[in-house]
Amino acid sequence: MTGARLAAIASVLLAGCASLPPPATIDPVAAAAAQQARATALGLAGGDCAAPDWALSGRVALANGREGGSGRLEWAQAAGHLRLLLTAPVTRQGWQLDVDAAGATLSGLEGGPRSGTDATRLLRDATGWDIPLAALGCWLRAVAAPASVGPAVLAYGPHQLPVRLEQGGWVVEYDGWAVDAASGQSLPTRVEARRGDDRVRLVVDRWGRE
């Protein structure tokens, strides 16, 4: 191939590269400030993942390396009470978890309801699903859980919204956002949390109650 031919090809390639938009630059200080403002607006700046009252409805898929399942998810927190309802769309079977200051009760199981003081352990022992309930209240809203869960590392997208959160051995990724009418803040519509073989994938159809 002649030198003139190589030069022509190089000029075309360079022209193509020049037409690509520059990568988005993210100021980590500004992004962290924006995240703190989001946490405050959502009532999560104090580190209480149960506050304030909130709800969501969506579709969830769970896997633990041995088995998996999917269904409809209703999550509602109000006045210190958490209700988590999971139903399978075909069989209409499912379970309901109620958590308050007195403990946790899991209904819909063979043999009747079960109760315990630790909701996460109760759910894991009864169903095999390891779901970090205490932290999920923050993670689902793209806010780091309290430091007691572990140090948090966040990566931000071009709009200063989190795209990835690592905390407590879990990796949480966000894709898609919607504006919450109550707070005026952007909330994720697609969330995936994973740790080892454990995975929780959620598609949020609605933030808030109907």
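What you see is a predicted model; the values in this text were computed from it and never measured.

Peer 1: Just checking my understanding: could you explain the state of the cysteines for this structure?
Peer 2: Disulfides are covalent bonds that link the sulfur atoms of two cysteine residues. Scanning the model with the defined rule gives one disulfide in all. Each sulfur of the disulfide joining Cys49 and Cys138 lies 2.1 Å from the other. On the sign convention where negative means left-handed, the S-S torsion of about -100° between Cys49 and Cys138 marks this disulfide as left-handed. You can see Cys49 sitting in the loop between helix H2 (28-41) and strand S1 (54-63) and its partner Cys138 sitting in helix H4 (residues 133-139), a full 89 residues away along the chain.

Peer 1: Help me out: how do you make sense of the sheet that holds strand S12 (residues 190-195) in this one?
Peer 2: Across a sheet, strands are paired by hydrogen bonds formed along the backbone, either parallel or antiparallel in direction. Sheet architecture is open: 11 strands sit in the order S6-S5-S4-S3-S2-S1-S13-S12-S9-S8-S7, paired in antiparallel fashion. For this open sheet the edge positions go to strand S6 (114-116) and strand S7 (153-156), each flanked by a neighbour on one side alone. For this sheet the average axis-to-axis angle between neighbouring strands, irrespective of direction, equals 15°. Pairing of strand S4 (residues 94-100) with strand S5 (residues 103-107), which is carried by five bridges, proceeds in the antiparallel orientation. Along S5, the bridge assignment pairs Leu97 with Leu106. Along the sheet, H2 makes contact with S7 and strand S8 (162-167), crossing S7 at roughly 105°.

Peer 1: Looking at this structure, I do not really get helix H3 (residues 119-127). What am I missing?
Peer 2: Note: α-helices contain 3.6 residues per turn, so residues at a spacing of three or four share the same orientation. What H3 keeps buried is the set Ala119, Thr120, Leu122, Leu123 and Thr127. The arc that holds every buried residue of H3, seen down its axis, measures 165°, which confines them to one face. Elements in contact with the buried residues of H3: S4, S5, S6 and H4. The N-cap residue of H3 is Asp118: its side-chain oxygen and the backbone nitrogen of Thr120 are 3.0 Å apart. Just beyond H3, the residue with positive phi is Gly128, at close to 90°.

Peer 1: Please clarify how the pairing of S7 should be interpreted in this entry.
Peer 2: For a regular strand, side chains alternate in direction, first toward one face of the sheet and then toward the other. For S7 and S8, the ladder comprises four bridges, and the chain directions are antiparallel. In the strand pairing of S8, Tyr156 is matched with Pro162. What sits between the antiparallel neighbours S7 and S8 is a turn of five residues, in which Gln160 has the positive phi angle 60°.

Peer 1: Explanation requested: the side chain of Thr189 in the structure shown.
Peer 2: Along the chain, Thr189 turns up in the loop between strand S11 (186-188) and S12. Among the residues examined, Thr189 registers a relative accessible area of 17% and is labelled buried. For Thr189, the residues in contact, after removing those within four places along its chain, are Asp175, Gly176, Trp177, Ala178, Leu202, Val203 and Val204.

Peer 1: Would you take a moment to explain the confidence of the model for the protein chain for this structure?
Peer 2: Close inspection of predicted coordinates is inappropriate for parts of the model with low pLDDT. Chain-level statistics for the protein chain give a pLDDT mean of 82 and a share of 85% at 70 or above. Mean pLDDT values over the elements of the protein chain span from 43, in helix H1 (residues 3-19), up to 96, in strand S9 (residues 170-174). Taken together, the stretch residues 5-23 has pLDDT below 50 and engages in two contacts with residues farther than four places along the chain or on a different chain.

Peer 1: Explanation requested: the nonpolar core in the structure shown.
Peer 2: In a soluble, globular protein the nonpolar side chains are often hidden away together inside. Counting residues in hydrophobic clusters, the biggest one holds 44 residues, and the most contacted among them are Leu56, Trp75, Leu97, Ile131, Leu133, Trp139 and Leu140. Setting aside residues up to four positions removed in sequence, Ile131 forms contacts with Leu62, Thr120, Leu123, Leu136 and Val200.

Calculation rules
- Residues numbered from 1 in each chain as written.
- Predicted model: local features only at pLDDT ≥ 70, side-chain atom pairs only at ≥ 80, totals over all residues.
- Heavy atoms only, no water.
- Disulfide = S-S within 2.5 Å.
- Helix = DSSP H or I, 4+ residues; strand = E, 2+ residues; numbered from the N terminus.
- Pairing = 2+ DSSP bridges.
- Axes fitted to C-alpha atoms, helices over the stretch in contact; angles between N-to-C directions.
- Contact = heavy atoms within 4.5 Å.
- Buried < 20%, exposed > 50% of the residue type's maximum accessible area, 1.4 Å probe, protein only.
- Arc of directions from axis to C-beta.
- Polar contact = N/O pair within 3.5 Å; in protein donor to acceptor, adjacent residues only side chain to side chain.
- pLDDT = per-residue confidence, 0-100.
- Core = buried A, V, L, I, M, F, W, Y, C linked by side-chain atoms within 4.5 Å.

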